[in-house]
Amino acid sequence: MHLENHTLYYRMTCPYCVKVVRFMEAHGITTDMADTTDPANVARLTEIGGKRQVPCLVINGKALYESADIISYFAGKLS
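Residues numbered from 1 in each chain as written. Predicted model: local features only at pLDDT ≥ 70, side-chain atom pairs only at ≥ 80, totals over all residues. Heavy atoms only, no water.

Enquirer: I would appreciate a short explanation of the packing of aromatic side chains in the present structure.
Expert: Under the criterion given, the structure shown has 1 aromatic pair. It is Lys 51 that lies over the ring of Tyr 65; its NZ or CZ is 4.4 Å from the centre. (Phe/Tyr/Trp six-rings, centres within 6.5 Å; stacked < 30°, edge-to-face > 60°. Lys NZ or Arg CZ within 6 Å of the ring centre and 35° of its normal.)

Enquirer: What should I look at first to understand helix α2 (residues 39-49) in this one?
Expert: Every α-helical turn comprises 3.6 residues, leaving residues that sit three or four positions apart pointing alike. Listed as buried for α2 are Asn 41, Val 42 and Leu 45. Here the buried residues of α2 occupy an arc of 100° about the axis, which is enough to place them on one side. Away from its buried face, by an angle of more than 90 degrees, α2 presents the exposed residues Pro 39 and Glu 47. Along its buried surface, α2 packs onto β1 (2-10), β2 (30-35), β3 (56-59) and β4 (62-65). Where α2 begins, the side chain of Asp 38 points an oxygen toward the backbone nitrogen of Ala 40, at a separation of 2.8 Å. (Buried < 20%, exposed > 50% of the residue type's maximum accessible area, 1.4 Å probe, protein only. Helix = DSSP H or I, 4+ residues; strand = E, 2+ residues; numbered from the N terminus. Arc of directions from axis to C-beta. Contact = heavy atoms within 4.5 Å. Polar contact = N/O pair within 3.5 Å; in protein donor to acceptor, adjacent residues only side chain to side chain.)

Enquirer: Before we go on, may I ask you to explain unusual backbone geometry in this structure?
Expert: What is expected of a backbone is that most residues other than glycine have negative phi and most peptide bonds are trans. With an omega of 0°, the peptide bond between Val 54 and Pro 55 qualifies as cis. Along the chain, Pro 55 turns up in the loop between α2 and β3. Although it is not a glycine, Asn 5 sits at a positive phi angle of roughly 60°. Within the element layout of this structure, Asn 5 appears in strand β1. Its identity as a non-glycine residue notwithstanding, Glu 66 has a phi of 80°, on the positive side.

Enquirer: In this structure, what is going on with the packing of helix α1 (residues 15-26) against helix α3 (residues 67-78)? I would like to understand it.
Expert: Any two packed helices are characterised by the angle at which their axes cross and by the distance between the axes. Across the interface, α1 lies against α3 with an axial gap of 9 Å and an inter-helix angle of 10°. By the angle between their directions, the pair α1 and α3 is classed as roughly parallel. Note on element contacts: α3 touches α1 through Ser 67, Ile 70, Ile 71, Phe 74, Ala 75 and Leu 78, opposite Tyr 16, Lys 19, Val 20, Phe 23 and Met 24. (Axes fitted to C-alpha atoms, helices over the stretch in contact; angles between N-to-C directions. Parallel < 35°, antiparallel > 145°, perpendicular 65-115°, else oblique.)

Enquirer: When you look at the environment of Lys 77 in this model, what are you seeing that I'm missing?
Expert: With respect to the helices, strands and loops of the structure, Lys 77 is situated in helix α3. Between the C-alpha atom of Lys 77 and that of Met 33, which follows or precedes it by 44 residues, the distance is 18 Å. Other than its neighbours up to four places away in sequence, Lys 77 contacts Met 1 and Leu 3.

Right under this line is the structure:
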């Protein structure tokens, strides 16, 4: 399932980001991805949510932080 108007900001050296990405892979969830090793993505993330924290799922322009909350959001989309 591809989620439109969603972007996951992540960094693969972050264990919480890896946890979210693995959940997505296990459940066939795809969305736009923005790796924060790219300074342009960090700038966009900071502009949207006011901080550089990852993982961050941006849903229609609103930031959702914390891996458990993001996974819970995705799980709700599956049912």
